[in-house]
Amino acid sequence: MPRKVATNERYDAVIVGSGAGGGMTALVLASKGLRVLMLEAGRDYDPYKETPMFAVNRDAPLRGEGTTDKEFGYYDATVDGGWEMPGEPYASAPGSEFMWWRSRMLGGRTNHWARNSFRMGPYDFKPHSRDGLGVDWPIAYEDLAPWYDKTETIVGVYGSNDGLDNHPDSSPGVLHKPPAPRVGELFIQAACRDMNIPCVPARRAVLTRPIDKRSACYYATDCGRGCSIGAAFQTTTSLLPMALATGNLTIVTNAMVYEVRLDEKGRADGVSYVDKLTGKHEAAFGRSVILAASAGETARILLNSTARSPDGVANSSGQVGRNLMDTVGAAMEAQFPLLENRPAYNEDGAMGLHLYIPFWLYREQARGALDFPRSYHYELGADGRRAPGMSMGNIADYAGGYGVKLKQDMRRYYGSFLHFVCRGEMIPNTGSYCEIDPETTDKWGIPTLRFHFKWSEYELNMVDHFQERTKELIERLGGKIHWGDDPPADAISKGGQIIHEVGTTRMGDDPESSVTNQYGQSWDVRNLFVMDGGIFASKAHKNPTLTIMALAWRNSDYLAEQLGKQSL
Ligand SMILES: Cc1cc2nc3c(=O)[nH]c(=O)nc-3n(C[C@H](O)[C@H](O)[C@H](O)COP(=O)(O)OP(=O)(O)OC[C@H]3O[C@@H](n4cnc5c(N)ncnc54)[C@H](O)[C@@H]3O)c2cc1C
Ligand code: SF4
């Protein structure tokens, strides 16, 4: 990788960030013959050499358990990042508690993510039209559907077409065959069948047939460590190598971008960055600038770009940093006597979900039978060695005694725990936003972010509903709640904890209330684009990354067309 950019070079596009949004943008633009520069704040990362696919936890410090600087375990793929990063602070405003996960490495958070990949549906793009809350997107599902197909094809997503309300099918042949359900998942599915709740194959960005140089999943190890065979999607084994192969992409790592540069006509002519290895300030120039640094970082860069506009670049609406949303999270776990003493065998599978429960109550909601406006889905934890439902910690709560009795108990309870996770939609509110902290800078002197965050009754009522339905499911299966039955205000996740933060540079039809148009193009600076989750107008319960990539592809097609017409 080159260390810095020749300042006399002027690229067609300068992209900030190499995660889901940046990776897709780079591939689309480079494939169209445009000369692309990507600046990435993190270090270079080679998943083929660095992924600890077959390392075993017993060889790791603390048997691989998570620590404060390695939350998801010793072997987690996040080689540089986490909730806290030395020298790169952020703050929560008094009365708020916000958590911000950053992965400073080539490929960003895609090296780790859980790969759950659900399409948003027609209702999700027009939420205000359904319930009068939040705002509608300036596009409808049909506008994005072709790019969902293309994205799923290149990414590789397993799942099935089930014809469910607001859970769109993919075009024939797009999806990979889902892995067979595990025992615990079949167990839950049986109760769901009795209760008229759908329980269907999940959709995950994991290959079950090979694509090009990427192999199919062979159920090797936890996908959170990364996947050196390319079966679990991450930009470092797919979009970035493909984009580099065009010969049109240059990547510079350790480049911490802090501002968008404007020329005297108010157009973006590049970005300024700190070369983290030398500490020197550098600049890179392009005909267009694309921010894909993640919703929080992109807002931070815009708000810090005050050389020519005191409120930050692209912020005439005052909406940069506003409308911050995260997914609503809650969980419950239970122990099931019917699953005791079953044979122990390898149930790892593709590590994450094989089955899940999509939201099924849209009709009841439309006729006012629910006390919360939006929707949620269940992610089920029934894996083999990985899920908390099988963990030794849980078993230890039940097993007792010494010697033979202890061994018998361990065998008895192993595999008898199941985990139910809520992932729900948050409605944007005026109390949730990020802003520049007037008091703090990072180790390079760049002002940092301060987060404000509030849940509302809508989200708390949703968690209550999830808890009541889950208790019914558990009861039907004869289980006992192990944990997770706290009051909703305690059970709900902290802001940012689900790591789906979006909305801080939202798209819209009106420059007064949105930061970009439907293509992620700034209303104020026509050759400046946002290609990450910042542009989300709402945060459906569907996990955001597939939509980030589908939008990045659609919006990059538009950008390339505009560059071709010299109209930016
Ligand atoms: C544990 C975990 C589980 C997850 N599970 C799921 C899931 O199942 N499904 C799902 O949809 N999503 C999931 N996510 C979220 C998903 O990872 C993100 O939605 C997605 O990666 C966002 O893409 P992005 O391109 O916006 O940002 P990122 O992937 O974070 O990439 C941003 C990149 O920009 C770089 N960058 C940041 N600031 C700067 C700067 N100033 N200058 C230069 N470069 C910069 C970063 O280093 C990073 O490489 C999960 C995330 C985590 C951590
Ligand atoms: S379970 Fe499959 S997809 Fe996940 S890391 Fe292992 S081989 Fe890769």
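Let us look at the structure shown here. Because the structure is predicted, anything quoted here is derived from the model rather than measured.

### Looking at the site of ligand 2
And step 1. Contacts to ligand 2 come from 13 residues, most closely from C217, A220, T221, C223 and C227.
And step 2. Its residues placed into classes, the shell around ligand 2 shows 11 nonpolar, two polar and no charged.

### A few points about the site of ligand 1
And step 1. The full set close to ligand 1 counts 36 residues, and E40, R109, H112, V257 and T545 are the nearest of them.
And step 2. Between ligand 1 and V257 there is a distance of 2.9 Å, counted from a nitrogen atom to a backbone nitrogen or oxygen.
And step 3. The contact in question runs from an oxygen atom of ligand 1 to an N or O atom on the backbone of P544, over 3.3 Å.
And step 4. If ligand 1 stood free it would expose 990 Å²; the protein chains cover 96% of that surface.
And step 5. Of all the secondary-structure elements, those providing two or more residues to the shell around ligand 1 are α1 (20-31), β9 (255-262), α8 (295-304) and α14 (545-564).
And step 6. Among the elements that take part in the shell around ligand 1, β9 stands out by supplying three residues, more than any other.
And step 7. By residue class, the composition of the shell around ligand 1 is 18 nonpolar, 12 polar and six charged.

### Focus: the sheet that holds strand β3 (residues 36-39)
And step 1. Reading across from one edge, β8-β3-β2-β12-β20 is the order of the five strands in this open sheet, with parallel pairing throughout. Across the chains shown, the open sheet's two edge strands, defined by having one partner strand only, are β8 (249-252) and β20 (528-530). Taken pair by pair, the neighbouring strands of this sheet meet at an average axis angle of 20°, ignoring direction.
And step 2. With four bridges joining them, β3 and β8 adopt parallel strand pairing. Counterpart to V36 in the pairing with β8 is L249.
And step 3. Across the face of the sheet, α1 comes into contact with β2 (13-16), β3, β8 and β12 (289-291) while running at roughly 165° to β3.

### Examining the packing of aromatic side chains
And step 1. Counting across every chain of the model gives 31 aromatic pairs.
And step 2. Ring centres of F98 and F453 lie 5.6 Å apart, and the angle between their planes is 45°; this geometry places the pair in the tilted category. One end of the pair, F98, is in the loop between β5 (91-92) and β6 (102-103); the other, F453, is in the loop between β18 (447-452) and α12 (457-476), with 355 residues separating them in the sequence.
And step 3. Taking the centre distance of 5.2 Å and the plane angle of 55° together, the rings of Y398 and Y413 count as tilted. Of this pair, Y398 sits in helix α10 (residues 392-398) while Y413 sits in helix α11 (residues 403-413); the two residues are 15 residues apart in sequence, bridging distant segments of the chain.
And step 4. Following the ring pairs from residue to residue traces out a cluster consisting of Y123, F359, W360, Y362, F372, Y376, Y378, F420 and F466.
And step 5. The ring of W100 has R102 sitting right over it, with the charged end atom 4.5 Å from the ring centre.
And step 6. The ring of W147 is capped by R554, whose NZ or CZ atom sits 5.8 Å from the centre of that ring.

### Let's talk about the nonpolar core
And step 1. Counting 135 residues, the largest nonpolar core has L39, I357, F420 and L528 as the members making the most contacts within it.
And step 2. Residue contributions to this core peak at 11 residues, all from α14.
And step 3. Of all hydrophobic cores here, the second largest spans 11 residues; its members include A220, C223, A232 and M351.

### A closer look at the side chain of E379
And step 1. You can see E379 is positioned in strand β15 (residues 376-381).
And step 2. At 2.8 Å, the side chain of E379 forms a polar contact with the side chain of H377.
And step 3. With sequence-adjacent residues up to four places away left out, E379 is seen in contact with N116, F118, L353, H419, F420, V421, R423 and N543.

### Here we look at the sheet that holds β5
And step 1. Pairing is mixed in the open sheet, where three strands are placed in the order β5-β18-β17. The open sheet has two edge strands, β5 and β17 (433-441), and neither has a second partner.
And step 2. By the bridge criterion, two bridges tie β5 to β18 in an arrangement that is parallel. Paired with S92 across the strands is F451, a residue of β18.
And step 3. Each of β17 and β18 is contacted by α8, which is oriented at about 60° to β17, the strand it contacts most.

### Describing α8
And step 1. Within α8, 10 of the 10 residues are buried, which leaves it mostly tucked inside the rest of the structure.
And step 2. Turning to α8, its buried residues are A295, G296, E297, T298, A299, R300, I301, L302, L303 and N304.

Rules used in this analysis
- Residues numbered from 1 in each chain as written.
- Chains lettered and ligands numbered in written order.
- Predicted model: local features only at pLDDT ≥ 70, side-chain atom pairs only at ≥ 80, totals over all residues.
- Heavy atoms only, no water.
- Near = heavy atom within 4 Å.
- Nonpolar A, V, L, I, M, F, W, Y, C, P; charged D, E, K, R; others polar.
- Polar contact = N/O pair within 3.5 Å; in protein donor to acceptor, adjacent residues only side chain to side chain.
- Areas by Shrake-Rupley, 256 points an atom, 1.4 Å probe, with all protein chains shown as cover.
- Helix = DSSP H or I, 4+ residues; strand = E, 2+ residues; numbered from the N terminus.
- Pairing = 2+ DSSP bridges.
- Axes fitted to C-alpha atoms, helices over the stretch in contact; angles between N-to-C directions.
- Contact = heavy atoms within 4.5 Å.
- Phe/Tyr/Trp six-rings, centres within 6.5 Å; stacked < 30°, edge-to-face > 60°.
- Lys NZ or Arg CZ within 6 Å of the ring centre and 35° of its normal.
- Core = buried A, V, L, I, M, F, W, Y, C linked by side-chain atoms within 4.5 Å.
- Buried < 20%, exposed > 50% of the residue type's maximum accessible area, 1.4 Å probe, protein only.

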